[in-house]
Amino acid sequence: MSALLKVERLSGGYEPVQIFKDVDLEVEHGACAGLFGPNGHGKTTLLRTISGLIDPWSGNILFDGVQLNTPGERRTRRSRNLNYDILVRRRMDPKKVARAGLIHVAQGSPLFPELTVAETLSIAPAAARGGGRPSDPELPFTLFPQLKERRQSKARFLSGGERQMLAIACGMLAAPRLLILDEPTLGLSPKLRLELADAVHAIRGAGVPIILVDQDVGFLRDLVDKLHVFDHGSISRVLPRADIPDHETLMADLFGKAH
Ligand SMILES: Nc1ncnc2c1ncn2[C@@H]1O[C@H](COP(=O)(O)OP(=O)(O)OP(=O)(O)O)[C@@H](O)[C@H]1O
Ligand SMILES: [Mg+2]
């Protein structure tokens, strides 16, 4: 069976600065793909490009056999004094990506601060409408019982952990066919990290494939089928779960003993 998500030789960044180059990434149906890499190496930029929030510079993104990006093309642009070639970038439409079921839970869980938990959850399915199986409206509270007690609280009064839970719950209510979780454990206590790992297991159990980003190899090791090591803007190795070393060993491998 072919992969659900297939990213081919994808390059991109923030004009004029290139952040990542020639990235190949595949996520199989039902799988959890881990993306590990140090701060600022371009993980979020790559994921924002895959979900169409930034235009790719080159390469292709195929989701369930359908190409999400329209191909770039060269055109001649004429002005009064000169003709010059321009490259029309490969355009992406984030709405189309979300409707195809590729749902991105952004790093830092941006939410509407004045909406309550209940209000936020009520608009989540309408906001994205992924192409997957509609989720049970009670799912947020099954995944995160703590959210139930906070139903009437405005998002701006939630703790970091609760915000993260709410953002993931919204992602699940959008009926994902693939869920991107960009550093869901950022700033969480060790106890909450464990709870989050349980939630990721439960999401997998519901049959939803995941791309999971984290800066801790130990956290990813128990959850992912394959670990993609992302450094300096490219995927330098792909490790099956059985071959994933501990965090210190991998960091020492990548950057030397000082880490
Ligand atoms: N909107 C932006 N405009 C210009 N440069 C940006 C923008 N956002 C991020 N960058 C730069 O792009 C590079 C990659 O950042 P990115 O956030 O993708 O890395 P990351 O691997 O996700 O890091 P982290 O682990 O801290 O989340 C960094 O040098 C960052 O400063
Ligand atoms: Mg990031």
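One structure accompanies this document, and this report is about it.

What counts, and at which threshold
Residues numbered from 1 in each chain as written. Chains lettered and ligands numbered in written order. Predicted model: local features only at pLDDT ≥ 70, side-chain atom pairs only at ≥ 80, totals over all residues. Buried ≥ 20, exposed ≤ 12 C-beta atoms within 10 Å, placed from the backbone. Helix = DSSP H or I, 4+ residues; strand = E, 2+ residues; numbered from the N terminus. Pairing = 2+ DSSP bridges. Contact = placed C-beta atoms within 7 Å. Axes fitted to C-alpha atoms, helices over the stretch in contact; angles between N-to-C directions. Near = placed C-beta within 6 Å. Nonpolar A, V, L, I, M, F, W, Y, C, P; charged D, E, K, R; others polar.

In terms of burial, strand E10 (residues 210–214) is largely enclosed, as five of its five residues are buried. Along E10, one buried face is formed by Ile-210, Leu-212 and Asp-214 and the opposite face, lined by Ile-211 and Val-213, is buried too. Examined bridge by bridge, strand E9 (residues 178–182) and E10 share four bridges and lie parallel to one another. Following the sheet pairing, Ile-180 is matched in E10 by Ile-211.

Across the sheet, which stays open at both edges, the four strands sit in the order E2-E1-E4-E5 with antiparallel pairing between neighbours. Unpaired on one side and paired on the other, strand E2 (17–27) and strand E5 (66–67) mark the two borders of the sheet. Where helix H1 (residues 43–50) meets the sheet, its contacts fall on strand E1 (5–14), E2 and strand E4 (58–63), and the angle it forms with E1 comes to roughly 115°.

Here the focus is the site of ligand 1. Within the structure, ligand 1 sits among 13 residues, and Tyr-14, Asn-39, Lys-43, Thr-44 and Thr-45 are positioned closest to it. Looking at the shell around ligand 1, the element that brings in the most residues is H1, giving three residues. Partitioning the shell around ligand 1 into residue classes produces two nonpolar, nine polar and two charged.

Right, let's get into the sheet that holds strand E11 (residues 226–231). Read from one edge to the other, the open sheet built from six strands follows the order E8-E9-E10-E3-E11-E12, with strand pairing classed as mixed. Of all strands in the sheet, those with a lone pairing partner are strand E8 (102–105) and strand E12 (234–240), marking the two edges. Averaged over all pairs of adjacent strands, the angle between their axes in this sheet comes to 20°, without regard to strand direction. Strands strand E3 (32–36), E9 and E10 of the sheet are contacted by helix H7 (residues 190–205), whose axis makes an angle of about 165° with E10.

So, to be careful, I would describe these as geometric facts and stop short of saying anything about function.
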